[in-house]
Amino acid sequence: MNKLDEFSQLTLDLYRSVSCVKPDGFRGWAFDRLQQFIEFDSAIWIQATLVEDIPVTQNVYLHNQPDV
């Protein structure tokens, strides 16, 4: 399988996961799945909204980050 096929499968898996992965576990599942395509040790998922053109953080998810 070439990289384009792998990326297409990753995209399809992310799309299909909506019906089988619980919402509270999606980010962890998505990072675990992404690690099969791209090597990384840890990651961060930040959700924000723009308020008067300034990003305001709403939620932060740390994936395999050390405890502080």
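Residues numbered from 1 in each chain as written. Predicted model: local features only at pLDDT ≥ 70, side-chain atom pairs only at ≥ 80, totals over all residues. Heavy atoms only, no water.

**Regarding a nonpolar patch on the surface**
Together, Ile 44, Ile 46, Val 60 and Leu 62 give the surface a local cluster of nonpolar side chains, amounting to about 360 Å² of exposed area. When contributions to the nonpolar patch are tallied by element, the ones reaching two or more residues are strand S1 (43-51) and strand S2 (54-63). Summarising the element assignment, Leu 62 is placed in strand S2. For Leu 62, a relative accessible area of 47% corresponds to the partly exposed category. (Patch = residues over 30% accessible without salt bridge, like charges linked within 9 Å, V, L, I, M, F, W, Y side chains within 5 Å. Areas by Shrake-Rupley, 256 points an atom, 1.4 Å probe, with all protein chains shown as cover. Salt bridge = Lys/Arg side-chain N within 4 Å of Asp/Glu carboxyl O. Helix = DSSP H or I, 4+ residues; strand = E, 2+ residues; numbered from the N terminus. Buried < 20%, exposed > 50% of the residue type's maximum accessible area, 1.4 Å probe, protein only.)

**Remarks on the packing of helix H1 (residues 3-16) against helix H2 (residues 26-34)**
Packing of H1 against H2 leaves a shortest axis separation of 11 Å and a crossing angle of 165°. Relative to H2, the element H1 is oriented roughly antiparallel. Relative to H2, the crossing made by H1 is right-handed. Across the interface between the two elements, Gln 9, Leu 10, Asp 13 and Leu 14 from H1 touch Phe 26, Trp 29, Ala 30, Arg 33 and Leu 34 from H2. Residues of the contact of H1 with H2, tallied by class, amount to six nonpolar, one polar and two charged. (Axes fitted to C-alpha atoms, helices over the stretch in contact; angles between N-to-C directions. Parallel < 35°, antiparallel > 145°, perpendicular 65-115°, else oblique. Left-handed = near helix turned anticlockwise from the far one by under 90°. Contact = heavy atoms within 4.5 Å. Nonpolar A, V, L, I, M, F, W, Y, C, P; charged D, E, K, R; others polar.)

**Some words on the pattern of salt bridges**
By the definition in use, this model includes two salt bridges. In this structure, the salt-bridge partner of Glu 6 is Lys 3, at a minimum N-O distance of 3.8 Å. Residue Glu 6 and its partner Lys 3 are located together in helix H1, separated by three residues, close to a single helical turn. A salt bridge links Arg 33 to Asp 13; its shortest N-O distance comes to 2.8 Å. Pair noted here: Arg 33 is in helix H2 and Asp 13 is in helix H1, with a separation of 20 residues, a long-range link. For the pair Arg 33 and Asp 13, one class covers both residues: buried.

**Here's the deal with the pairing of S1**
It is a general feature of regular strands that their side chains alternate between the two faces of the sheet. Alignment of S1 against S2, held across nine bridges, turns out to be antiparallel. Each bridged residue has a counterpart across the sheet, and for Val 51 the counterpart in S2 is Ile 54. A loop of two residues connects S1 with S2, the two strands running antiparallel in sequence, and Glu 52 in this loop sits at a positive phi of about 55°. (Pairing = 2+ DSSP bridges.)

These results come straight from atomic positions and should not be treated as a statement about function.
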